[in-house]
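A closer look at the structure
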Amino acid sequence: MNRPSLPGARQIKFFAVGAAALLFVNLAAAVPVNAQAPVDQCAPLVGSGDDFAELCLTEEELTAMDTTDADLGVDEIANSRNMRQIANIPKQAPFNTQSALGTDIAFQGRYAFVGNYDGFVIYDIKNPRSPKITSQVLCPGAQNDVSVYGDLLFLSTDASRSDDSCSSVSQTASNAASWEGIKIFDVKDKRNPRYIKSVETKCGSHTHTLVPGKNNRDVYLYVSSYGPNASFPDCQPPHDLISIVKVPVRTPTDAHVLSAPVLFPDGGNPGGNGSSTTSGCHDITVFPKKDLAAGACMGDGVLFDISNREAPRVIHTVRDTTNFAFWHSATFTNDGSKVVFTDELGGGGAPTCNPTIGPTRGANAIYHLEGRGDNRKLVFKNYWKIPRTNGPTENCVAHNGSLIPVLGRDIMVQAWYQGGISVWDFTDSSRPFEIGYWERGPVDATRIVTGGAWSTYYYNGYIFSSDIQKGLDVLEINDWRTWTAKLHWFPELNVQTQPGYWDF
């Protein structure tokens, strides 16, 4: 059933809910998968949207949530009149199980490369209304974050495995022989990708960011990872660092860890203050044209100078112990004057889009860059969150999105897990607003099953979305505020390697 409506037709009313709200004052990002919450006191979550363990929510807390405005049935579609789905390819075997979560997306020419906890899929999107699967590579290793550069594809493994092969099995991180890190594939032949190299990194690779070298001969991967434990030989605390992998483009089998710079010599956010303990980074977005990067580092937001690709420097760090539980990802505006950070409250496994949680938690935060050179600072301006209530079985929180390359405005499309897909305008940071949306109803009406849009990006005229359970969605937006985006063409797009557009 499809129920088109005007944007904001299902506006939620955010208000205090008395004692119920107090239950969530200390709701923080879920702990990494290595730690375990007490099952007998928690609502069990099936799967994990961001490789996190169970989020400790009692039945009483779930019952206390005000979700009365949530009105979609299982798989029911709702959308604004200016957005519509034009294609869907369901997950195909061997990736058609509930535990084979669809993850991030990279693009090159006519192809989309989509990560999955069990490997990755290459889609031919030459005709966005009829995309086709070109090949599938079975290579388990959560979460299989993906990027592409020329004939190379890079894949993150953030799960302790018996070895670096694609036939490995799960193995405890306390075993010194276990492996986590980066896998490199040759994808010149899109029908027959070849695994050519692995690089082990400390604490694995939850995400990685591709950084083109200035010499056009090398690329770098800034590897983000976290979850140290004294019992893990390859993931020792405090782990206040990232790993930098150097890849010679012509000889990618020479890829190696160049360095592991410490970003937080003072230890970063200690946690226990309403936000997460910083022990590494979750994700980094680089803006090579501006020699800048923005790091979402669990308990801290970070601005870097990357003019020396091999030695990124921290310029400024910000912290929000009131509303941000887990700094998850970052997006620059095209002129580099703003950064949007996301808060993944609940680790992607909890229903946080409702009046009980409110409009400023599990949301986006808009920061302006002020000052020059090493005196540049991130200055907070505003929060923004989707204006709809989701049901008690729908994991919903701010997640991965990209700029839509419009002329003269700051407009972003973004995934919100089972909160769906939103297009919003933050040209005026003091008054951000939604332009359009599209969403499915819950995967299951009786229990939380991690699902919904993991990554949603604009690429060459269309919106592509990796749905955790439903496969690849393709949508289009027809709105006067976004039409200039159709005039811009990207030959390749890794969203965390942010390109510029409309340079005059």
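It should be noted that the structure appears before, not after, this text.
From a predicted model like this one, the values you see are computed outputs, not experimental measurements. (Residues numbered from 1 in each chain as written. Predicted model: local features only at pLDDT ≥ 70, side-chain atom pairs only at ≥ 80, totals over all residues. Heavy atoms only, no water.)

1. Considering a nonpolar patch on the surface
To keep things clear, this is the line we draw: Like charges within 9 Å and nonpolar side chains (Val, Leu, Ile, Met, Phe, Trp, Tyr) within 5 Å are joined into patches, using only residues over 30% in relative accessible area that form no salt bridge. For the area figures, the Shrake-Rupley method with a 1.4 Å probe applies, and any residue is considered shielded solely by the protein chains shown. Salt bridges are defined as contacts in which a side-chain nitrogen from Lys or Arg sits within 4 Å of a carboxyl oxygen from Asp or Glu. In DSSP terms, a helix is any run of H or I states spanning at least four residues, a strand is any run of E spanning at least two, and both are numbered starting from the N terminus. For every residue, the accessible area (1.4 Å probe, protein chains only) is compared with the maximum for its type, and the residue is labelled buried under 20%, exposed over 50%, or partly exposed between those bounds.
On the surface, Trp480, Trp483 and Leu487 cluster together to form a nonpolar patch covering roughly 440 Å² of accessible area. Along the chain, the position of tryptophan 480 falls in the loop between strand E30 (471-477) and strand E31 (492-493). On the accessibility criterion, tryptophan 480 (64% relative accessible area) is exposed.

2. Concerning the environment of asparagine 144
To keep things clear, this is the line we draw: For this analysis, residues touch if any pair of their heavy atoms sits within 4.5 Å. Polar contacts, as used here, are pairs of N or O atoms within 3.5 Å; protein pairs need one atom able to donate a hydrogen and one able to accept it. Residues neighboring in sequence count only if both atoms are side-chain atoms.
Secondary-structure assignment places asparagine 144 in strand E8 (residues 143-149). Excluding anything up to four places from it in sequence, asparagine 144 contacts Thr103, Gly115, Asn116, Tyr117, Asp118, Gly119, Cys139, Leu155, Ser156 and Thr157. Among the polar contacts made by the side chain of asparagine 144, one reaches the main-chain carbonyl oxygen of glycine 119 at a distance of 3.4 Å.

3. Quick look at the state of the cysteines
Note the threshold: Two cysteine sulfurs form a disulfide in these notes if their separation is within 2.5 Å.
Within this structure, the stated rule accounts for four disulfides. The disulfide that involves cysteine 353 links it to cysteine 396, with 2.0 Å between the sulfurs. Disulfide cysteine 353-cysteine 396: torsion about the S-S bond near -80 degrees, hence left-handed. Pair noted here: cysteine 353 is in the loop between strand E21 (338-343) and strand E22 (364-370) and cysteine 396 is in the loop between strand E23 (377-384) and strand E24 (401-403), with a separation of 43 residues, a long-range link. Here cysteine 353 and cysteine 396 have matching classes, each one buried. For the chain, numbering the cysteines in disulfides from first to last along the sequence yields the connectivity 1-2, 3-4, 5-6, 7-8.

4. A short note on the sheet that holds strand E20 (residues 327-332)
Going by this rule: When DSSP locates at least two bridges between a pair of strands, those strands are taken to pair. Axis lines are fitted to C-alpha atoms, over the contacting stretch for helices. Their N-to-C directions set the angle, which ranges from 0 to 180 degrees.
One open sheet accounts for four strands, arranged E20-E21-E22-E23; its pairing is antiparallel. One side of each edge strand has no neighbouring strand; the edge strands of this open sheet are E20 and E23. Each strand of the sheet is rotated relative to its neighbour by a mean of 25 degrees, with strand direction disregarded. Note that E22 and E23 share seven bridges and pair antiparallel. Paired with alanine 365 across the bridge in E23 is tyrosine 383.

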